[in-house]
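Fold and contact review
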Amino acid sequence: MSVYSMTGYASAQHSSARPSSEAESKSAPPSHLGLEIRSVNSRFLDLSFKLPEELRQYEPVLRELLVSRLKRGKVEVRAAVESNVPSSVVDPTPRLLQRLNAVQDNVKAWLPNAAPLSVADVMRLAAGELGAACDWSETILTLGRQALEELLSAREREGARLAAMLIERLGQIRALAALAVPLVPQLVAQQRQRFLDRWQEAMALTDGSTLPEAAQDRALTEATAFAIRIDVAEEITRIQSHLDEIERLIRHGGELGKRLDFLIQELHREANTLGSKSAALELTHISVDMKVLIEQMREQVQNIE
């Protein structure tokens, strides 16, 4: 399965044949429909529609189409209808003007103070009637499917790029973890030597006599506490385990954004603990480099569906 980004853009257009005569041009329905879909990252699937009045009735159909294929992302759908009339001015038909005049007379009879229709009102109503006269149900669904497939392809291409980047970062973190592994026994050996030095110092204080119990307890306590503090083997093991699981999810594909986000958080926590328990400058540098790479991964994972 592929890895999908939540970022993408797609558009689809439909144009009918231009009218063959001026009479047809005045009475024909709009001839061009454009639809576009924009998508960005979001925790959930958030759909918004910006449709003209004559297309508002098709929103449920488009919503059902998108929900069937998309799982996450903030998705915006826009559509626009253009008239086939060469100029932007729609010529109202005599029948429409007659109807508007009758309606206006009826309104004025009941509401004498009502404002009369302006030329702009008439032109707007004429354009609306042309749009309403066209049945876009089949066309808009076809355009919706076409734009959705194009959007999915764009999200898949972006997802492949993100997956390749994440795999590259995983390899870099693995290399850092491999550098940290041999440092652990070195630190343990250093602690053993420090313990022996402390022990000899404590023995010297007694001039060779029996070691006071307080000095012995203190030396043992310091040695134990420091040994626990510098033991980062468990953190390194968990980091390697998280890296294996992240790579497995990426190569499997599908809907994995939320799981990756959780694993990235766990990975960052282990890298942070590695740095806080570090007793050597080398481990501190490794921890910082790991956290930089993990933060880069976190930013990209936010875009994965």
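Note on numbering: residues in each chain are counted from 1, in written sequence order. Whole-chain, interface and lining totals are the exception, using all residues; otherwise, since this is a predicted model, local features are given only for residues with pLDDT of at least 70 and side-chain atom pairs are given and counted only at 80 or more. To obtain the side-chain values, all non-hydrogen atoms of the structure were used and water was disregarded.

Only DSSP runs of H or I with at least four residues qualify as helices, and only runs of E with at least two residues qualify as strands; both kinds are numbered from the N terminus onward. In terms of helices and strands, the protein chain carries ten helices and four strands. Sequence-ordered secondary structure for the protein chain, helices as α and strands as β, is β-α-β-β-α-β-α-α-α-α-α-α-α-α. Under the scheme applied here, a residue whose accessible area is under 20% of the maximum for its type counts as buried, over 50% as exposed, and between as partly exposed, the area being computed with a 1.4 Å probe on protein chains only. Here the protein chain holds 305 residues, and 37% of them are scored as buried. Nonlocal contacts in the protein chain, meaning residues at least 24 apart in sequence, comprise 83% of its contacts between residues at least 6 apart. Within the structure as shown, the protein chain displays about 17,700 Å² of accessible surface, and the carbon and sulfur contribution to it stands at 54%. Whether two residues are in contact is decided by their heavy atoms, any of which lying within 4.5 Å being enough. For the area figures, the Shrake-Rupley method with a 1.4 Å probe applies, and any residue is considered shielded solely by the protein chains shown.

Let us now look at the side chain of R298. Locating R298 in the fold gives a position in helix α10 (residues 281–301). A polar contact of 3.2 Å, which involves the side chain of R298, links it to the side chain of E295. Residue contacts for R298: discarding those within four places in its chain leaves I264, Q265 and H268. Counted as a polar contact is a pair of N or O atoms within 3.5 Å, where, for protein atoms, one must be capable of donating a hydrogen and the other of accepting one, and residues adjacent in sequence contribute only when both atoms are in side chains.

Before going further, it helps to spend a moment on the pairing of strand β3 (residues 45–50). Two strands pair under a simple rule: DSSP has to find at least two bridges between them. Examined bridge by bridge, β3 and strand β4 (residues 73–82) share six bridges and lie parallel to one another. Considered in β4, the bridge of F49 is made with V77. Regarding topology, helix α2 (residues 59–67) serves as the crossover connection from β3 to the parallel β4, and that connection is left-handed. A clockwise path from the first strand over the helix to the second, with the strands pointing away from the viewer, defines a right-handed crossover.

At a closest axis distance of 10 Å, the pairing of helix α5 (residues 137–180) and α10 adopts a crossing angle of 165 degrees. Here α10 runs roughly antiparallel to α5, going by the angle between their axes. Relative to α10, the crossing made by α5 is left-handed. Counting all contacts with α5, which are made through R161, L162, M165, L166, R169, L170, Q172, I173, L176, A177, L179 and A180, the residues of α10 involved are L283, I286, D289, M290, L293, I294, Q296, M297, Q300 and V301. Lys, Arg, Asp and Glu make up the charged group, whereas Ala, Val, Leu, Ile, Met, Phe, Trp, Tyr, Cys and Pro make up the nonpolar group; the residues left over, Gly among them, are polar. Among the residues forming the contact of α5 with α10, the class breakdown is 16 nonpolar, three polar and three charged. To get an axis, a line is fitted to the C-alpha atoms, and for a helix only the part in contact is used. The angle between two axes follows their N-to-C directions and goes from 0 to 180 degrees. Relative orientations are named as follows: roughly parallel for angles under 35 degrees, roughly antiparallel for angles over 145 degrees, roughly perpendicular for angles from 65 to 115 degrees, and oblique for any other angle. Crossings are sorted by hand: turned counterclockwise from the far helix by less than a right angle, the near helix makes the crossing left-handed, and turned clockwise it makes it right-handed.

Residues I173, I246, I250, L260, L274, I286 and M290 are the most contacted members of the largest nonpolar core, which totals 34 residues. Counting residues per element, the ones that place at least two in this core are α5, α6 (183–205), α8 (233–252), α9 (257–276) and α10. For this core, the element with the most residues is α5, which contributes nine residues. With residues up to four places along the chain from it excluded, the contact list for L260 reads I246, L249, I250, V301 and I304. Formed by 25 residues, the second largest nonpolar core is a distinct cluster that contains A10, L70, W136 and A147. Definition of nonpolar core: a set of buried residues of the types Ala, Val, Leu, Ile, Met, Phe, Trp, Tyr and Cys, connected through side-chain atoms within 4.5 Å.

Counting all residues, the mean pLDDT for the protein chain is 82, and 75% of those residues have values of 70 or more. Mean pLDDT across the secondary structure elements of the protein chain bottoms out at helix α1 (residues 22–27), with 47, and peaks at β3, with 96. Predictor confidence is given residue by residue as pLDDT, running from a minimum of 0 to a maximum of 100. The model gives residues 19–27 a pLDDT under 50, and that stretch makes ten contacts with residues more than four places away or in other chains.

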